[in-house]
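# Descriptive structure summary
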Amino acid sequence: MTSKTTSFDSSFEPALLQEMQEFGEVKNFSEGDLIMDYGKYIRMMPIIIKGTVKVFRMDETGNEILLYYLSNNESCSIAYSCCMEAKKSEVKAIAEDDVELIAIPHLKLEEWLCKYPSWKSYIMRSFNERFLELLKSIESIAFHKLDERLISYLKEKQRVSGSGVIKASHYLIAEELHTSRVVISRLLKQLENDKKIILYRNEIKLLSAFG
């Protein structure tokens, strides 16, 4: 990548792009790497350049739930909030695959909010998108059956990765949907019997009938 800000050229003012180039730091993570962790102070707000990041929240008993995914040009609103308020992180972020992001230092966040209209719009849009994703997650847990949640989960994986081949073990899916591997394996096998997917080792191919 020749520039830190290539993917944002149409979104931000030239002066803001120049500051992002000057003050932002490009960071690279491999699949499974920890990007943010519970209880740690967050000194930067990540904006994803490429790859996918999954964000989790843990309850008081130690159980984790998947909140949402972040992909190209998206950012974590919770990280932004923690930076602005100098709070410890209440979420954990893990690289779903190889990830490249630009880390915006916390000292610039408020300054840019007042200085650049496009930055204010980006932050407000990011909060709105994450809020809607959280509402969908709550709705899914509260009102949808597990088979419906599994289908939604696979569709979201397809959306953020841009691929019809989902790289995930049955155990990982069970963890992220907060259920047992046996149940997930049974539901996936039913989808395969219905000719909607093909199961491979740690991979799931979505067929045209799946959509």
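Below is a summary of the structure that appears in this document. (Residues numbered from 1 in each chain as written. Predicted model: local features only at pLDDT ≥ 70, side-chain atom pairs only at ≥ 80, totals over all residues. Heavy atoms only, no water.)

### Topic: the overall build of the protein
Rules: Strands here are runs of E lasting at least two residues and helices are runs of H or I lasting at least four, both read from the DSSP assignment and numbered beginning at the N terminus. Atoms counted for the radius of gyration: C-alpha only. Globule rule: 2.2 Å times residue count to the power 0.38. Between buried and exposed lies partly exposed: a residue is buried under 20% and exposed over 50% of the maximum accessible area for its type, with that area taken using a 1.4 Å probe on protein chains only. By the convention used here, residues are in contact when the closest approach between their heavy atoms is within 4.5 Å. Charge assignment: positive for Lys and Arg, negative for Asp and Glu; neither His nor the chain ends contribute. For charged residues, the charge sits on one atom: NZ in Lys, CZ in Arg, CG in Asp, CD in Glu.
In terms of helices and strands, the protein carries seven helices and 10 strands. Relative to the globule expectation of 17 Å for 211 residues, the C-alpha radius of gyration of the protein, 18 Å, shows essentially globular dimensions. The principal-axis extents of the C-alpha atoms in the protein amount to approximately 55 × 40 × 30 Å. Within the protein, the fraction of its 211 residues that count as buried is 43%. For the protein, contacts bridging at least 24 residues in sequence account for 69% of all contacts bridging at least 6. In the protein, the 29 positive side-chain charges and the 31 negative ones have mean positions that sit 4 Å from each other.

### Things to note about the side chain of serine 118
Applied cut-off: Side-chain atoms alone can form a polar contact between residues adjacent in sequence; in general such a contact is a pair of N or O atoms within 3.5 Å, and within protein one must be able to donate a hydrogen while the other accepts it.
As for its placement among the helices and strands, serine 118 is situated in helix H4 (residues 117-143). Among the residues examined, serine 118 registers a relative accessible area of 14% and is labelled buried. Polar side-chain contacts of serine 118 include one of 2.2 Å to the side chain of glutamate 13. Residues within four places of serine 118 in sequence aside, it is in contact with Ser11, Phe12, Glu13 and Leu16.

### Side note on the packing of helix H1 (residues 14-23) against helix H3 (residues 106-115)
To characterise two packed helices, one gives the angle between the axes of the helices and the distance between these axes. This is how the line gets drawn: Only the contacting stretch of a helix is used when fitting its axis, a line to C-alpha atoms as for every element, and angles between N-to-C directions run 0 to 180 degrees. Note on terminology: angles under 35 degrees are roughly parallel, angles over 145 are roughly antiparallel, angles of 65 to 115 are roughly perpendicular, and the others are oblique. Ten residues, namely Ala, Val, Leu, Ile, Met, Phe, Trp, Tyr, Cys and Pro, are considered nonpolar, four, namely Asp, Glu, Lys and Arg, are considered charged, and the remaining ones, Gly among them, are considered polar.
Relative orientation of the contacting elements H1 and H3 amounts to 170°, with a least axis distance of 12 Å. With respect to each other, H1 and H3 are oriented roughly antiparallel. Along the contact surface, H1 presents Leu16, Glu19, Met20 and Phe23, while H3 presents Lys108, Glu111, Trp112 and Lys115. A class-by-class count of the residues in the contact of H1 with H3 yields four nonpolar, no polar and four charged.

### Quick notes on the layout of surface pockets
To be explicit about the condition: A pocket, in this scheme, is an open set of points on a 1 Å grid over the protein atoms alone with protein on both sides within 12 Å along at least 5 of 7 lines, while a cavity is a set where a 1.4 Å probe fits but cannot get out; residues line either one if an atom lies within 4 Å of a point. Grid points are joined across faces, edges and corners, and a volume is the space filled by probe spheres set on the points.
Put simply, the second largest pocket is a space of about 240 Å³. Taken together, Glu31, Thr52, Glu96, Asp97, Lys157, Ser161, Ser163, Val165, Ile166 and Lys167 form the lining of the second largest pocket. Secondary-structure elements contributing two or more residues to the lining of the second largest pocket are helix H5 (146-161) and strand S8 (165-167). At three residues, the largest contribution of residues to the lining of the second largest pocket is made by S8. By residue class, the composition of the lining of the second largest pocket is two nonpolar, three polar and five charged.

### Details of a nonpolar patch on the surface
Worth spelling out the cut-off: To count toward a patch, a residue needs a relative accessible area above 30% and no salt bridge. Like charges then connect within 9 Å, nonpolar side chains (Val, Leu, Ile, Met, Phe, Trp, Tyr) within 5 Å. In short, Shrake-Rupley with a 1.4 Å probe defines the accessible areas, and a residue's cover is counted only from the protein chains shown. One speaks of a salt bridge when a side-chain nitrogen belonging to Lys or Arg is within 4 Å of a carboxyl oxygen belonging to Asp or Glu.
On the surface, a cluster of nonpolar side chains totalling about 390 Å² of accessible area is made up of Phe131, Leu132, Leu135 and Ile138. Tracing the backbone shows phenylalanine 131 in helix H4. According to the relative accessible area criterion, phenylalanine 131 is partly exposed, its value standing at 48%.

### Comments concerning the packing of helix H6 (residues 170-177) against helix H7 (residues 181-193)
Short version of the rule: Helix crossings get a hand from a simple test, with the near helix turned counterclockwise from the far one by less than a right angle marking a left-handed crossing and a clockwise turn marking a right-handed one.
Packing of H6 against H7 leaves a shortest axis separation of 8 Å and a crossing angle of 110°. Relative to H7, H6 is oriented roughly perpendicular. As H6 packs across H7, the resulting crossing turns out to be right-handed. Judged by residue contacts, His170, Tyr171, Ile173, Ala174 and Leu177 of H6 engage Arg181, Ile184, Ser185 and Leu188 from H7. Of the residues in the contact of H6 with H7, the class split is six nonpolar, two polar and one charged.

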